[in-house]
Amino acid sequence: MSEPEFYQASIRDVAFGSGVKMVEPCNLYGCTIGDHCFIGPFTEIQKGVVVGARTRVQSHSFVCELVTIGEDCFIGHGVMFINDTFATGGPARGRRELWRETRIGNRVSIGSNATIMPVRIVDDVVVGAGAVVTKDITVAGTYAGNPARLVPLR
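Residues numbered from 1 in each chain as written. Predicted model: local features only at pLDDT ≥ 70, side-chain atom pairs only at ≥ 80, totals over all residues. Heavy atoms only, no water.

**Student:** Please clarify how the nonpolar core should be interpreted in this entry.
**Tutor:** Formed by 33 residues in total, the largest nonpolar core has its most connected members in Phe81, Ile110 and Ile116. When residues of this core are traced back to their parent elements, those giving at least two are strand S4 (26-29), strand S11 (67-69) and strand S18 (125-127). Leave out the neighbours within four places in its chain, and isoleucine 116 touches Val79, Met80, Phe81, Ile82, Thr102, Ile104, Ile110, Ile121 and Val133. (Core = buried A, V, L, I, M, F, W, Y, C linked by side-chain atoms within 4.5 Å. Buried < 20%, exposed > 50% of the residue type's maximum accessible area, 1.4 Å probe, protein only. Helix = DSSP H or I, 4+ residues; strand = E, 2+ residues; numbered from the N terminus. Contact = heavy atoms within 4.5 Å.)

What follows is the structure, encoded as structure tokens:
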């Protein structure tokens, strides 16, 4: 048997705003974290991601390349962002031209264990815990379910 390659979680090539708080271990690289953000432990934020000011990213969340998150957002525990839609019937296998971007507006709250496919979400949206967002959200409100749908006001 051969020896495995070992990698360490690290924080490298990150542009941090002022007053950022992080709980290690985290794996952040090539991203931008705005002023007064909070990044929880066991979080990965990949190259090119922008996290707006005063946004909180809770533990065990994964923010992949091509994601932009607005200001004053809340990303719950275990939220997964996806940039590969399997457009060719399987994984893109690093073919970045097949990946799609996600843009999250300001004051968006995403509940724990939600999955966010490549979409656009307008300002002032709440995404419920465990929801799967598969289409753009163009109207402010609360969305839940799989696929996520607008929850009517009572």
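**Student:** What exactly am I supposed to notice about the environment of arginine 107 here?
**Tutor:** Residue placement: arginine 107 occurs in the loop between strand S14 (102-104) and strand S15 (109-110). Beyond its immediate chain neighbours, meaning those up to four positions away, arginine 107 contacts Glu71, Asp72, Cys73, Asp123, Asp124 and Val125. At a separation of 2.7 Å, a polar atom in the side chain of arginine 107 contacts the side chain of aspartate 124. (Polar contact = N/O pair within 3.5 Å; in protein donor to acceptor, adjacent residues only side chain to side chain.)

**Student:** What should I look at first to understand the sheet that holds strand S21 (residues 149-150) in this one?
**Tutor:** Adjacent strands of a sheet form backbone hydrogen bonds with each other and so pair up, either parallel or antiparallel. Across the sheet, which stays open at both edges, the eight strands sit in the order S3-S6-S9-S12-S15-S18-S20-S21 with mixed pairing between neighbours. The open sheet has two free edges, formed respectively by strand S3 (21-22) and S21, since each of these has just one partner strand. In this structure, strand S9 (residues 56-57) lies alongside strand S12 (residues 74-75), joined through two bridges in parallel fashion. Bridging across to S12, arginine 56 finds its partner in phenylalanine 74. (Pairing = 2+ DSSP bridges.)

**Student:** Sorry, what's going on with the side chain of asparagine 83 here?
**Tutor:** Inspection of the secondary structure assignment puts asparagine 83 in the loop between strand S13 (80-81) and S14. According to the relative accessible area criterion, asparagine 83 is buried, its value standing at 9%. When sequence neighbours within four positions are dropped, the list of residues in contact with asparagine 83 reads Cys64, Glu65, Leu98, Trp99, Arg100 and Pro118.

**Student:** Would you mind going over the pattern of salt bridges with me for this structure?
**Tutor:** Oppositely charged side chains may form a pair once their charged atoms are brought near each other. Under the criterion given, the structure shown has eight salt bridges. The partner of arginine 54 in a salt bridge is aspartate 72, with the nearest N and O atoms 2.7 Å apart. Placement of the pair is arginine 54 in the loop between strand S8 (50-51) and S9 and aspartate 72 in the loop between S11 and S12, with a sequence separation of 18 residues. Here arginine 54 falls in the partly exposed class, since its relative accessible area comes to 41%. The partly exposed category is assigned to aspartate 72, whose relative accessible area is 33%. (Salt bridge = Lys/Arg side-chain N within 4 Å of Asp/Glu carboxyl O.)

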